[in-house]
Amino acid sequence: MGYYDDHYNREGRTKKGSKAGYIFSSLVGVIIGALLVLFVVPQMNGGSNGGETLGLSNTDENSQVETKKVSVDVETEITSAVEKARGAVVSISNIQSAGMWSNGQNGESTQGVEAGSGSGVIYKKEGNHAFIVTNHHVVDGAERLEVNLFNGEKIAAELVGSDVWTDLAVLEIDGSIVEDVAEFGDSDALSIGEPAIAIGNPLGQFEGSVTKGIISGLNRTVPVDIDQNGTVDWNAEVLQTDAAINPGNSGGALVNISGQVIGINSMKIAESSVEGIGLAIPINFAQTVISDLEQHGEVRRPYMGVQIASVSDIPAYYQEEALKLPKDVENGVVVSGVEPNGPAAEAGLKEMDVIVELDGEEITDVLDLRHHLYGQDVGDEMKVKYYREGKLAETTMALKTENTF
């Protein structure tokens, strides 16, 4: 009696087989090996039909890894907006006398150095003339101005007009080579949080640079010391953005998602504790100034023909003794001088009068008065309430034009 063992029985049968079995087994092995070579190896090397090679390449001794080049379509609303506006943004060089350079004959300066640089926006083209808006401080003191267009061509520019109060200026260049002109948007229609793109020439060398952010604030008020005497002369109303605005960006464009100019970049609060606050002049406000500069070379503002000071800057003793103001009147504007034949003189105002109201609007200091006055047009009539010798009086003033008062 025995036990069944399949392995044992197969082994016994193999030993008893003929030589034909060995030949057949060998032939099958050869065929299988050949099939592996024909089908498996080509697939590992990208196929025999010139297919893509994956893995290591044996085309050189180092067997370097081959990489696949990928093309990505990155066109977005942002890139479209930049493409629309970028060509109209230029860089501006403020050239002034070098001082040490002369022609050796009469001592006149023949050379100049770049005293500063900034940016500008081509906003209009008429025939062979093109006009650029920039900042007053970009062109201030220039003996010669040069503009570098987006295509790299550098040309001379002429100053049409400039205004220190709004920090705006207009230049004129040869329009025959100008290809791109900016489109103005509506800064009054802006919403906080919408995209904002700054385009300009930061640091005077990175022309056509683009930064992106949002509109961070509307109708911001920033104090400005025009004559650098430590006293605030004007409150500029600006847009706030967190798009990076660096030195050299001044005068460049702040554009919306449609590629329209919504502001002229003007100032940046550059304190170590402050970051991400860029400021721009709203384009709706700028357009009125641009129009005046283009037509008259200056902004034609109404003036009163007075010298003034804020009541708050006068010691309390003099408020009561010299001005004779009621104790409950602590604010207003003192008339410290009156120009003969000026609007104020014709309206009957005198030295030591204290203006407290214009057209029904309370006037607390010099800034309030300037803000209200500069919002009027030449020829307008303005109602003035004032104190004289402690008594409240009223008059009407016909506004005329003058550079300052």
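Because the structure is predicted, anything quoted here is derived from the model rather than measured. (Residues numbered from 1 in each chain as written. Predicted model: local features only at pLDDT ≥ 70, side-chain atom pairs only at ≥ 80, totals over all residues. Heavy atoms only, no water.)

Visitor: What exactly am I supposed to notice about the sheet that holds strand β3 (residues 129-134) here?
Guide: Sheets are built from strands paired through backbone hydrogen bonds, the pairs being either parallel or antiparallel. Reading around the circumference, β1-β2-β3-β6-β5-β4 is the order of the six strands in this closed barrel, with antiparallel pairing throughout. Across the sheet, the mean angle from the axis of one strand to that of its neighbour is 40°, orientation sign disregarded. Note that strand β2 (residues 112-126) and β3 share five bridges and pair antiparallel. Looking at β3, one finds that Lys124 is bridged to Phe131. Relative to strand β6 (residues 168-174), helix α5 (residues 283-296) is tilted by about 55°, and along the sheet it contacts β2, β3, β5 (154-163) and β6. (Pairing = 2+ DSSP bridges. Helix = DSSP H or I, 4+ residues; strand = E, 2+ residues; numbered from the N terminus. Axes fitted to C-alpha atoms, helices over the stretch in contact; angles between N-to-C directions. Contact = heavy atoms within 4.5 Å.)

Visitor: Whenever I open this one, the side chain of Asp225 confuses me. Can you help?
Guide: The topology assignment puts Asp225 in the loop between β8 (209-224) and β9 (234-241). No salt bridge is formed by the buried Asp225; the nearest opposite charge belongs to Arg370, separated by 8.8 Å. Residue contacts for Asp225: discarding those within four places in its chain leaves Gly230, Thr231 and Asp233. (Buried < 20%, exposed > 50% of the residue type's maximum accessible area, 1.4 Å probe, protein only. Lys, Arg positive; Asp, Glu negative; His and termini not counted. Salt bridge = Lys/Arg side-chain N within 4 Å of Asp/Glu carboxyl O.)

Visitor: Even after reading the chapter, I still don't get the pairing of β9, so can you show me in this structure?
Guide: Where a strand is regular, its side chains alternate between the two sheet faces. The buried count for β9 comes to six of eight residues, which makes it a mostly enclosed element. Where β8 lies against β9, seven bridges are found, and the strand directions are antiparallel. From the neighbouring strand, Ile215 faces β9, where its bridge partner is Thr241. As paired elements, β9 and strand β12 (residues 278-282) share three bridges and run antiparallel to each other. Looking at the pairing, Leu239 lines up with Ala280 of β12.

Visitor: Teacher, can you tell me more about the environment of Ile283 here?
Guide: Among the structural elements, Ile283 can be located in helix α5. For Ile283 and Ser187, which are 96 residues apart along the polypeptide, the C-alpha to C-alpha distance reads 5.9 Å.

Visitor: Explain the packing of aromatic side chains to me, please; I cannot follow it from the model alone.
Guide: Where two aromatic rings form a pair, the distance of their centres and the angle of their planes describe that pair. For the coordinates displayed, the defined rule picks out six aromatic pairs. A ring pair is formed by Trp234 and Tyr374, whose centres lie 5.3 Å apart and whose planes are at 40°; its orientation type is tilted. One end of the pair, Trp234, is in strand β9; the other, Tyr374, is in the loop between α8 (366-373) and β18 (381-388), with 140 residues separating them in the sequence. Residue class for Trp234 comes out buried when judged on its relative accessible area of 11%. (Phe/Tyr/Trp six-rings, centres within 6.5 Å; stacked < 30°, edge-to-face > 60°.)

All quantities given are derived from atomic positions and should not be read as evidence of function.
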